[in-house]
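# Chain and residue survey
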Amino acid sequence: MSRIVILGVGAVGGTLAVKLTLAGQEVLGIARGAQLEALRSGGLTLLTPEGALQAGFPCVASPAEAQLRADDVIFLCVKTQHTEAALMQLRDAGLRDQHVFCFQNGVENERLALRYFPNVHGVTVMLPADFVQPGEVVCYGAPCIGSFDVGRYPSGCDAADSALVACLEAAGFPSATRAAVMDRKYGKLLMNLGNIVGAALGEGVDSKTVVAALKAEAEAVFASAGIAWSDPAEDDDKRAAQLKIVEVPGVTRVGSSTAQSLARGAGSVETDYLNGEVSLLGRLHGVATPGNDWFTALAARLVREGAVPGAVTLAEVETALGL
Ligand SMILES: NC(=O)C1=CN([C@@H]2O[C@H](COP(=O)(O)OP(=O)(O)OC[C@H]3O[C@@H](n4cnc5c(N)ncnc54)[C@H](OP(=O)(O)O)[C@@H]3O)[C@@H](O)[C@H]2O)C=CC1
Ligand SMILES: CC(C)(CO)C(=O)C(=O)O
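Quick look at the structure, then. (Residues numbered from 1 in each chain as written. Chains lettered and ligands numbered in written order. Predicted model: local features only at pLDDT ≥ 70, side-chain atom pairs only at ≥ 80, totals over all residues. Heavy atoms only, no water.)

To continue, consider the site of ligand 2. Taken together, the residues surrounding ligand 2 are N105, P128, K188, N192, N195, R253, S256 and S257. At a separation of 2.8 Å, an oxygen atom of ligand 2 approaches a polar side-chain atom of K188. Within the side chain of N192, an N or O atom sits 2.9 Å from an oxygen atom of ligand 2. Burial of ligand 2 by the protein amounts to 81% of the accessible area it has alone, namely 280 Å². (Near = heavy atom within 4 Å. Polar contact = N/O pair within 3.5 Å; in protein donor to acceptor, adjacent residues only side chain to side chain. Areas by Shrake-Rupley, 256 points an atom, 1.4 Å probe, with all protein chains shown as cover.)

Dropping the structure here:
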């Protein structure tokens, strides 16, 4: 397939860059900060349950330096709070009708992208990976590192989706086109409501009751809003069996992408577009979402205070949520 430009070479973008490069695909990374320096000097190392992989690929600091081509395919792999700025950079760099694939959680990225670009696709990302050290990503999925559903936004599938699925499969990611890809992304959003819970409490804490309360609010909101959703883990037994979270020897998993943002001191988290999406929909459709509201506010507080994962006690959460 033609050149793939990966905007955001972190956990998801970095994993894709290494696996696609090793499969012979032309890749250009767009990265920043210490990660850009590390990628330029030593490439990216991917630690997986089955051993380490390493790849070098060209990297630039912004879309303006990418010399975008008419047939480039863009992978958006930044967290949602960085999407608008990334889209502006792409537009200023001359992006027009090239296909943009949102390899991101939440359901807002595609809508943001479609305001500026006509060919936008959603991707459901099943790929548990940590990015904490520049130059290194750790993947915990086995026997496959990750899997994807791909489809046009808001719905449908086209030749670009099929070409991408073939390319992802050739790189070792079980993938499928899906005409209703956003149904899947709403289902994935339910899973991601627990991101901030694990980040706040720390990964070892039993937070099942808390997460179930957040999901129940979201399901009530989806029902009132008439939003269809499907569970990405349940309705495809074959692919579910292909990806389990397992240990990587010598490494302790940090946790969700939200926990990693706190651990890295990244200065922002994605919660406004995960739990905050539920709050927004609740307000639009007259459904109370006190648990998701509370965690969205908590996330902002944790960022403000420079907190690390595990800074909050279960007792504080249970009191706040009345559990
Ligand atoms: N990590 C995971 O296990 C999973 C993540 N996801 C989703 O995938 C998406 C990406 O997450 P993830 O890979 O974890 O994120 P990361 O924070 O690991 O990687 C994103 C990278 O993009 C960089 N970046 C942001 N804006 C720009 C820009 N304009 N130009 C260049 N670089 C930029 C960030 O830099 P900086 O750090 O300086 O902000 C960071 O290095 C999110 O929506 C997430 O929810 C989905 C499934 C699993
Ligand atoms: C499902 C999970 C938690 C995998 O790590 C994820 O999507 C994320 O980290 O954002």
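The local shell around ligand 1 holds 26 residues, among which V12, R32, Q89, N105 and E270 are the closest. In this structure, V12 approaches ligand 1 through a main-chain N or O atom, which is 2.8 Å from an oxygen atom. A distance of 2.9 Å is found between a nitrogen atom of ligand 1 and a side-chain nitrogen or oxygen belonging to Q89. Here ligand 1, which alone exposes 890 Å², has 91% of that area covered by the protein. For the shell around ligand 1, the secondary structure elements donating two or more residues are α1 (11-22) and α10 (257-264). At three residues, the largest contribution of residues to the shell around ligand 1 is made by α10. The residues that make up the shell around ligand 1 include at least three from each of domain 1 (4-179) and domain 2 (183-321). (Helix = DSSP H or I, 4+ residues; strand = E, 2+ residues; numbered from the N terminus. Domains from an automatic or database assignment.)

Any functional reading would require information that these geometric values do not contain.
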